[in-house]
Amino acid sequence: MKLKKIIPILDWLPNYKKTQIRGDVIAGITVATVLIPQGIAYALIAGLPPIYGLYAALIPQLIYAVFGSSRQVAIGPVAMDSLIVATGVSTLALIGSESYIAIAILLALMVGTMQLLLGVFRLGFIVNFLSRPVIIGFTSAVALIIGLNQFRNLLGVDFLQSDQVHILLEDIIHRISSFNTNTTIVGFIACLLIIIFRKINKKIPNALIVVILGIVVIRFFGDYLKLTDIAIVKNIPSGLPKFNIPIIDIALIKELFPIASTLVLVGYLEIISIGKTLEAKQDEYRIDPNQELVALGFSNIVGSLFQSYPTTSSFSRSAINEEAGGKTGISAFVSVIIVVLTLLFLTPLFYHLPRTILSAIIIVAVFNLINVSEAKKLWKANQLDFWLLIATFLATIFFGIEYGILIGASLSLIILIYRTSRPYVAELGKVPNSDFYRNKNRFKEVIIDKEILIFRFDAQLFYANANYFRDKLDEMAHEKGTSLKLIVLDAESINRVDSTGIEMLKERIRYYHKRNIAFYFAGVKGPVRDAFFKGGILEVSSLDHFFMRDNGAVNFFKTGDNQNQKKYAQYIHQAYE
């Protein structure tokens with residue numbers, strides 16, 4: 001059973017159904033028809049020769065199909081990771097050079113190793129520190145950056161490449177007048193065709209169609225239509241990637257560490273987001289976040305041994321895989337077979353492929369990732385989250401990808417600390433003709449007793465919010481004035497407490513006892529009660545002052561005798577003997 005969890009293919013392959021073959025084969029072919037042109041295009045984004053996009057579409061897919069917990073996620077080169085690779089590696093070597101290629105492959109090994117270690121040590125929870133607004137702001141900004149970077153090929157102008165939008169826009173504005181007319185026309189026609197095909201049916205392999213049309217037009221009608229000035233891909237070597245261990249350079253690894261960390265985080269975010277979306281559409285399997293890290297890690301490590309640069313899951317190809325009927329990793333094996341056939345026999349066909357068409361494919365794909373609708377929803381629903389999204393978006397487009405995700409993660413953590421340090425608190429009142437107590441600010445009809453304060457704290461009680469707890473309790477107690485005789489802490493929403501919280505409680509209990517104000521507890525969970533007793537709360541309180549509900553505490557205070565309370569105190573005492 002444990003082996004099946006480590007190698008998920010051992011779980012689903014023996015139970016493979018014949019009825020799934022047709023869907024998997026069709027899905028594998030469909031994904032491959034999108035993957036091949038995208039792989040070539042994304043390699044150009046990464047600053048690598050086109051063949052490396054096909055290499056990245058090969059081994060990583062196979063490894064993920066074996067180790068991945070999702071059976072429908074499509075692995076391979078993606079636009080976002082490709083741009084991050086270009087941003088980091090271009091500062092260390094000349095784009096397209098042998099050293100540049102070697103560094104990109106070493107980067108895949110580093111990323112894979114880091115992902116594998118995170119998965120083995122079950123550190124997938126780290127991604128939880130990036131909230132959804134941060135992810136949306138970051139991906140939208142990167143999509144914009146990728147799209148703008150592709151204007152160089154779309155318009156046939158040698159614009160600067162950068163991950164800072166203001167630098168890109170400044171260069172585009174200054175040099176846009178020198179655009180190549182033929183290149184621009186072909187590029188915009190390709191964009192229009194892709195959009196039209198997507199509107200008709202998303203299952204149509206729009207990327208493959210415009211690639212074939214572009215090759216045919218340039219190959220057979222280029223001279224006649226005077227399109228000889230359009231830049232084309234030219235030679236893509238044939239053959240499968242050879243096994244080769246990346247050159248290990250410690251100094252280089254230190255320089256690549258920040259960009260590798262960014263790729264690890266972004267890659268993991270992408271695969272979890274896609275995997276969870278696909279998981280919700282079926283009941284056959286469940287995503288294991290740590291296993292996804294292991295699978296991604298192995299994919300990048302083994303991929304780097306066969307000349308692959310960093311890869312992760314693709315939003316578009318994963319969706320296409322699911323929509324085309326892919327149910328298991330067999331679709332990935334089919335996709336790999338087609339990529340292998342392409343590498344062996346079909347790469348010469350891409351010689352006349354216009355680069356502007358590759359840019360059109362990328363631009364249409366990535367601009368769909370700019371999520372304006374989510375920003376509108378957040379503006380109405382939660383403005384703090386809206387501004388977090390905007391801050392991450394602006395930080396990414398103005399300061400670059402690395403700083404963008406760092407700033408977004410930092411802001412997300414600050415907001416988390418802020419929210420946990422200032423949780424919701426409420427005074428409860430009795431619902432008329434019942435034994436229930438509810439928030440007086442939400443239920444106006446509740447009865448408030450001047451002598452009693454029932455204080456509810458809606459969070460764990462720990463060092464970051466202990467002072468806030470004390471201040472809000474004192475504030476509500478002060479409002480009651482000299483008539484206050486009892487404080488009841490409704491602890492139903494407190495799921496954890498640390499030593500700082502316990503010491504603060506002990507100090508407050510002593511403080512109120514000196515003022516002849518009783519202090520009771522209601523609804524304390526077992527683990528929290530354990531922590532209270534171990535922390536010495538019974539030094540200042542009594543078992544008789546712990547109640548199942550607020551109503552029991554109030555009745556005990558008013559009558560001084562409650563048979564149910566005696567039984568409950570006895571039960572607690574026996575549990576802790």
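Note that the coordinates shown come from a computational prediction; the quantities given were computed from them, not determined experimentally. (Residues numbered from 1 in each chain as written. Predicted model: local features only at pLDDT ≥ 70, side-chain atom pairs only at ≥ 80, totals over all residues. Heavy atoms only, no water.)

## A closer look at the packing of helix α13 (residues 250-279) against helix α14 (residues 289-304)
For step 1, the next point in the chain: For the pair α13 and α14, the least separation of the axes is 10 Å and the interaxial angle reads 125 degrees. With respect to α14, the axis of α13 lies oblique. Crossing of α13 over α14 shows right-handed handedness. Within the contact between the two elements, α13 uses Gly 267, Tyr 268, Ile 271 and Ile 272 and α14 uses Pro 289, Asn 290, Glu 292, Leu 293 and Leu 296. (Axes fitted to C-alpha atoms, helices over the stretch in contact; angles between N-to-C directions. Helix = DSSP H or I, 4+ residues; strand = E, 2+ residues; numbered from the N terminus. Parallel < 35°, antiparallel > 145°, perpendicular 65-115°, else oblique. Left-handed = near helix turned anticlockwise from the far one by under 90°. Contact = heavy atoms within 4.5 Å.)

## Observations concerning the side chain of Arg 508
For step 1, the next point in the chain: By the secondary structure assignment, Arg 508 is in helix α22 (residues 499-514).
For step 2, the next point in the chain: A polar atom in the side chain of Arg 508 sits 2.7 Å from the side chain of Glu 507.
For step 3, the next point in the chain: What Arg 508 contacts, discounting residues up to four positions off in sequence, is Arg 470 and Asp 474. (Polar contact = N/O pair within 3.5 Å; in protein donor to acceptor, adjacent residues only side chain to side chain.)

## A look at the layout of surface pockets
Gaps left between atoms are located by rolling a probe of water-molecule size over the structure's atoms.
For step 1, the next point in the chain: Put simply, the largest pocket is a space of about 1200 Å³.
For step 2, the next point in the chain: Put simply, the parts of the chain that give the lining of the largest pocket at least two residues each are α3 (21-45), α6 (79-89), α8 (132-149), α11 (181-200), α12 (206-221), α13, α15 (315-323) and α17 (355-367).
For step 3, the next point in the chain: When the residues that make up the lining of the largest pocket are grouped by side-chain class, the tally is 26 nonpolar, twelve polar and eight charged. (1 Å grid on protein atoms, 1.4 Å probe; cavity = no way out; pocket = protein on both sides within 12 Å on 5 of 7 lines; lining within 4 Å. Points joined across faces, edges and corners; volume = space filled by probe spheres on them. Nonpolar A, V, L, I, M, F, W, Y, C, P; charged D, E, K, R; others polar.)

## Quick notes on the pattern of salt bridges
For step 1, the next point in the chain: One pass over the structure, following the stated rule, counts 14 salt bridges.
For step 2, the next point in the chain: Here Lys 480 makes a salt bridge to Glu 427, at a shortest N to O gap of 2.8 Å. Placement of Lys 480 in helix α21 (residues 466-480) and of Glu 427 in strand β3 (residues 425-430) is noted, with a sequence separation of 53 residues between them. As far as the burial class goes, Lys 480 and Glu 427 line up, both buried.
For step 3, the next point in the chain: Here Asp 471 and Arg 470 are joined by a salt bridge, their closest N and O atoms 3.6 Å apart.
For step 4, the next point in the chain: Assessed through its relative accessible area of 41%, Asp 471 is described here as partly exposed.
For step 5, the next point in the chain: Through salt bridges that share partners, Glu 427, Lys 440 and Lys 480 make up one connected network. (Salt bridge = Lys/Arg side-chain N within 4 Å of Asp/Glu carboxyl O. Buried < 20%, exposed > 50% of the residue type's maximum accessible area, 1.4 Å probe, protein only.)

## As for empty space enclosed by the protein
For step 1, the next point in the chain: According to the stated counting rule, one finds two cavities of 30 Å³ or more in the structure shown.
For step 2, the next point in the chain: Approximately 140 Å³ is the volume attributed to the largest cavity.
For step 3, the next point in the chain: In terms of lining residues, the largest cavity is bounded by 20 residues, among which Arg 71, Val 73, Gly 329, Ser 331 and Ala 332 are the most central.
For step 4, the next point in the chain: Residues that form the lining of the largest cavity fall into these classes: nine nonpolar, ten polar and one charged.
For step 5, the next point in the chain: Its boundaries defined by the atoms lining it, the second largest cavity holds a volume of some 50 Å³.
For step 6, the next point in the chain: Every residue lining the second largest cavity is listed: Met 80, Ile 135, Phe 138, Thr 139, Val 266, Leu 269, Glu 270, Ser 273 and Phe 315.
For step 7, the next point in the chain: Those elements giving two or more residues to the lining of the second largest cavity turn out to be α8 and α13.
For step 8, the next point in the chain: Examining the composition of the lining of the second largest cavity, we find that four residues originate from one element, α13, more than from any other.
For step 9, the next point in the chain: Its residues assigned to classes, the lining of the second largest cavity comprises six nonpolar, two polar and one charged.

## Some remarks on the packing of aromatic side chains
For step 1, the next point in the chain: Applying the stated rule across the entire model yields 17 aromatic pairs.
For step 2, the next point in the chain: Aromatic pair Tyr 511 and Tyr 512: ring centres 5.0 Å apart, planes at 85 degrees, arrangement edge-to-face.
For step 3, the next point in the chain: Judged by centre distance (5.2 Å) and plane angle (35 degrees), the rings of Tyr 520 and Phe 547 are tilted. Of this pair, Tyr 520 sits in strand β7 (residues 518-522) while Phe 547 is found in strand β8 (residues 546-547), placing the two residues 27 residues apart along the sequence.
For step 4, the next point in the chain: Exposure remark for Tyr 520: the relative accessible area of 6% places this residue in the buried category.
For step 5, the next point in the chain: With a relative accessible area of 2%, Phe 547 lands in the buried category.
For step 6, the next point in the chain: The structure contains a cluster of three or more aromatic residues connected by ring pairs, namely Phe 519, Phe 521, Phe 532, Phe 533 and Phe 546.
For step 7, the next point in the chain: Lying across the ring of Phe 220, Arg 219 places its NZ or CZ 5.1 Å from the centre.
For step 8, the next point in the chain: Across from the ring centre of Tyr 511, 4.1 Å away, lies the NZ or CZ of Arg 508, which sits over that ring. (Phe/Tyr/Trp six-rings, centres within 6.5 Å; stacked < 30°, edge-to-face > 60°. Lys NZ or Arg CZ within 6 Å of the ring centre and 35° of its normal.)

## Things to note about the UniProt feature "domain: STAS" (unreviewed entry) in the chain
For step 1, the next point in the chain: In this structure's numbering, the residues bearing the UniProt feature "domain: STAS" (unreviewed entry) are residues 442-557.
For step 2, the next point in the chain: Within residues 442-557, the helical portion is 41% and the strand portion 16%, while the C-alpha atoms at the span's ends are 26 Å from each other. (UniProt positions renumbered as here; feature names shortened; annotations may be inferred.)

## Concerning the sheet that holds strand β4 (residues 437-439)
For step 1, the next point in the chain: Read across the sheet, six strands follow the order β4-β3-β5-β6-β7-β8 without closing on themselves; strand pairing throughout is mixed. The open sheet has two free edges, formed respectively by β4 and β8, since each of these has just one partner strand.
For step 2, the next point in the chain: On top of the sheet, α21 reaches β3, β5 (452-457), β6 (486-490) and β7; it is set at about 155 degrees to β5, its chief contact. (Pairing = 2+ DSSP bridges.)

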